[in-house]
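So you can see what is in the structure, the chains are spelled out below.
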Amino acid sequence: MPKPAPGEPRPEGAGAEYRIEELAHRSGATVRTIRAYQDRGLLPRPERRGRANLYGEAHLARLRQISELLDRGYTLASIKELLEAWDTGRGLGGVLGLVAEAAGPWSDEETARTTRAELAESFGGAPDVAEAVAEAMELGVLEPVPGRPDEFLVPSPAELAVAVELHSAGVPLLAISNHLRELRGQVEHIAARFLDFTTEFVFERYLDHPPSDAEAAEAASLVRRLRPLAQATVDAELARAMRTLATRYVRHRLAAIAAAARTGDPSDDGAGPGPYPGSEPVPLPAMTVRAVRALAGPDGTAGFIAAAADREVAARTMDALAARHSPVREPDTPVREPDNPVREPDGGGTMAGDG
């Protein structure tokens, strides 16, 4: 891969160099704000190389740190005092290195570019492409290219490819963006739990005091080691869950189709009007299901079986509690037999229980 020319933007990471416009785009600050931070002494001056002023990863990390401190309510004056304390005390290089490591890419994907015309072609000229592009920019799936309104950066080409495939399979674009929005919230919760977990057992000793450069460098090394574990864990658990749930789902739907074919009722899944909240398929003897259906009707089959099972579980629970508090039973005390939740109809066509 050819080495970028001086001043040409490089991927984020060690050795990255930016002109001020690129630094502004990546940091979210404006060019005017960056220059104001330099005038206030919050941001180091860029490196002068020929006729170009070049900024590095440390500049980007400090801009992000300033933004984070502003979000926490610090004033620029207090931020300057904090940064000066670091610079004159332990030094800020190691800390900024740790921040840069944490803020670095967490996947091997490289940012790609696309155009509005290419997006329209990829999605088959769907009428809602313009609205979907706006949604994608809001979600960060697409990022605008400064000065080029019809060009976009694609931080995750794989994520965009998933959207293209889902749309070609028949999923509307806005449904895809809504699903991504919901999924992102769930994934961010998983990420937060992983960070809490690793902080408690690994990083707390580095973050409960201002770390030295050596400690910050050691923590940054641990971030590099642990970074792939988060994705590997999620990948493995997602694969396990998809295998389990997809198999269960397909079996349930096929059983519903078979039941509808037997009864001629498209809504009949063999166990009543449909799965109850939190339900899961349980194989039952066909003779039992037929007997209950004959007694309670198709709409009451599932409810009857569930109620009978609940009754039996409650009875056994009460027996266990009574036995626990009455270890010695009188000889003439009859032993209660378990209820039979489902019994074949007798000659009179009724299903008897205990009462």
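Because the structure is a prediction, the values reported are computed rather than measured. (Residues numbered from 1 in each chain as written. Predicted model: local features only at pLDDT ≥ 70, side-chain atom pairs only at ≥ 80, totals over all residues. Heavy atoms only, no water.)

## As for the overall build of the protein
Quick note on the threshold: In this text, helices come from DSSP runs of H or I with a minimum length of four residues, and strands from runs of E with a minimum of two, each type numbered from the N-terminal end. Under the scheme applied here, a residue whose accessible area is under 20% of the maximum for its type counts as buried, over 50% as exposed, and between as partly exposed, the area being computed with a 1.4 Å probe on protein chains only. Here, two residues are considered to be in contact whenever any of their heavy atoms come within 4.5 Å of each other.
Helix and strand counts for the protein stand at twelve helices and five strands. Out of the 355 residues belonging to the protein, those deemed buried represent 27%. Pairs at least 24 apart in sequence give 59% of the contacts found in the protein among residues at least 6 apart.

## Focus on the sheet that holds strand E5 (residues 148-154)
Through backbone hydrogen bonds, the strands of a sheet pair up, either in parallel or in antiparallel fashion. Under the convention used in this document: A strand pair is defined by DSSP finding two or more bridges across the two strands. Between the N-to-C directions of two axes lies an angle of 0 to 180 degrees, each axis being a line fitted to C-alpha atoms and, for a helix, fitted only over the stretch in contact.
A sheet is described by the order of its strands in space; here three strands give the open sequence E3-E5-E4, paired in antiparallel fashion. Unpaired on one side and paired on the other, strand E3 (112-115) and strand E4 (143-145) mark the two borders of the sheet. Strand-to-strand twist across the sheet, computed as the mean angle between neighbouring axes with direction ignored, equals 40 degrees. Bridging between E4 and E5 involves three bridges; their strand directions are antiparallel. Paired with Glu-143 across the two strands is Leu-153, which belongs to E5.

## Quick word on the pairing of E5
With four bridges connecting them, E3 and E5 associate as antiparallel partners. Bridge pairing in E5 places Arg-113 opposite Leu-153. Between E4 and the antiparallel strand that follows it, E5, lie two residues; Gly-147 among them carries a positive phi value of about 80 degrees.

## As for the packing of helix H8 (residues 157-168) against helix H9 (residues 173-207)
Stated formally: Put simply, angles under 35 degrees are roughly parallel, angles over 145 are roughly antiparallel, angles from 65 to 115 are roughly perpendicular, and the rest are oblique. Take the far helix as your reference; a near helix turned counterclockwise from it by less than a right angle gives a left-handed crossing, and one turned clockwise gives a right-handed crossing. The classification used treats Ala, Val, Leu, Ile, Met, Phe, Trp, Tyr, Cys and Pro as nonpolar, Asp, Glu, Lys and Arg as charged, and all other residues, Gly among them, as polar.
Between H8 and H9, the shortest axis-to-axis distance is 10 Å and the interhelical angle comes to 135 degrees. Overall, the two elements H8 and H9 adopt an arrangement that is oblique. Here H8 and H9 pass one another in a crossing that is right-handed. Residues Glu-159, Ala-163, Leu-166 and His-167 of H8 lie in contact with H9, whose contacting residues are Leu-173, Ile-176, Leu-180 and Arg-184. Residues belonging to the contact of H8 with H9 are distributed by class as follows: five nonpolar, one polar and two charged.

## What to know about helix H3 (residues 57-71)
Inclusion rule: One less than the number of residues in a helix, times 1.5 Å, gives the span that helix is expected to have.
End to end, H3 covers 21 Å across 15 residues, agreeing with the expected 21 Å (1.5 Å per residue, within 8%). Regarding H3, the residues found buried are Glu-57, His-59, Leu-60, Ala-61, Arg-62, Leu-63, Gln-65, Ile-66 and Leu-69.

## What to know about the nonpolar core
Operational definition: The term nonpolar core refers to a set of buried residues drawn from Ala, Val, Leu, Ile, Met, Phe, Trp, Tyr and Cys, joined through side-chain atoms within 4.5 Å.
Judged by nonpolar contacts, the single largest core of 17 residues is most densely connected at Leu-119, Phe-123, Val-129, Val-133, Leu-142 and Leu-173. Residue assignment for this core shows that the elements contributing at least two residues are helix H7 (129-139), E5, H8 and H9. The biggest single contributor to this core is H7, with five residues. Excluding anything up to four places from it in sequence, Phe-123 contacts Val-129, Leu-160, Ala-163, Val-164, His-167 and Leu-173. Counting 16 residues, the second-largest nonpolar core is a separate cluster that includes Ile-20, Leu-42, Tyr-55 and Leu-69.

## Description of the confidence of the model for the protein
The test is simple: Per residue, pLDDT measures the predictor's confidence, with a range of 0 to 100.
Averaged over all residues, the pLDDT of the protein equals 78, while 75% of them reach at least 70. Across the protein, the secondary-structure element scoring lowest on mean pLDDT is helix H5 (residues 93-103), at 69, and the one scoring highest is E3, at 95. In the predicted structure, residues 1-14 sits below a pLDDT of 50 and forms 26 contacts with residues beyond four places in sequence or in another chain.

## Re the packing of helix H1 (residues 20-27) against H3
Contact geometry of H1 with H3 gives a least axis separation of 10 Å together with a crossing angle of 40 degrees. Judged by the inter-axis angle, H1 sits oblique to H3. Seen along the crossing, H1 lies across H3 with a hand that is right-handed. Facing H1, whose interface residues are Leu-23, Arg-26 and Ser-27, H3 presents His-59, Leu-60, Leu-63 and Arg-64. Partitioning the contact of H1 with H3 into residue classes produces three nonpolar, two polar and two charged.

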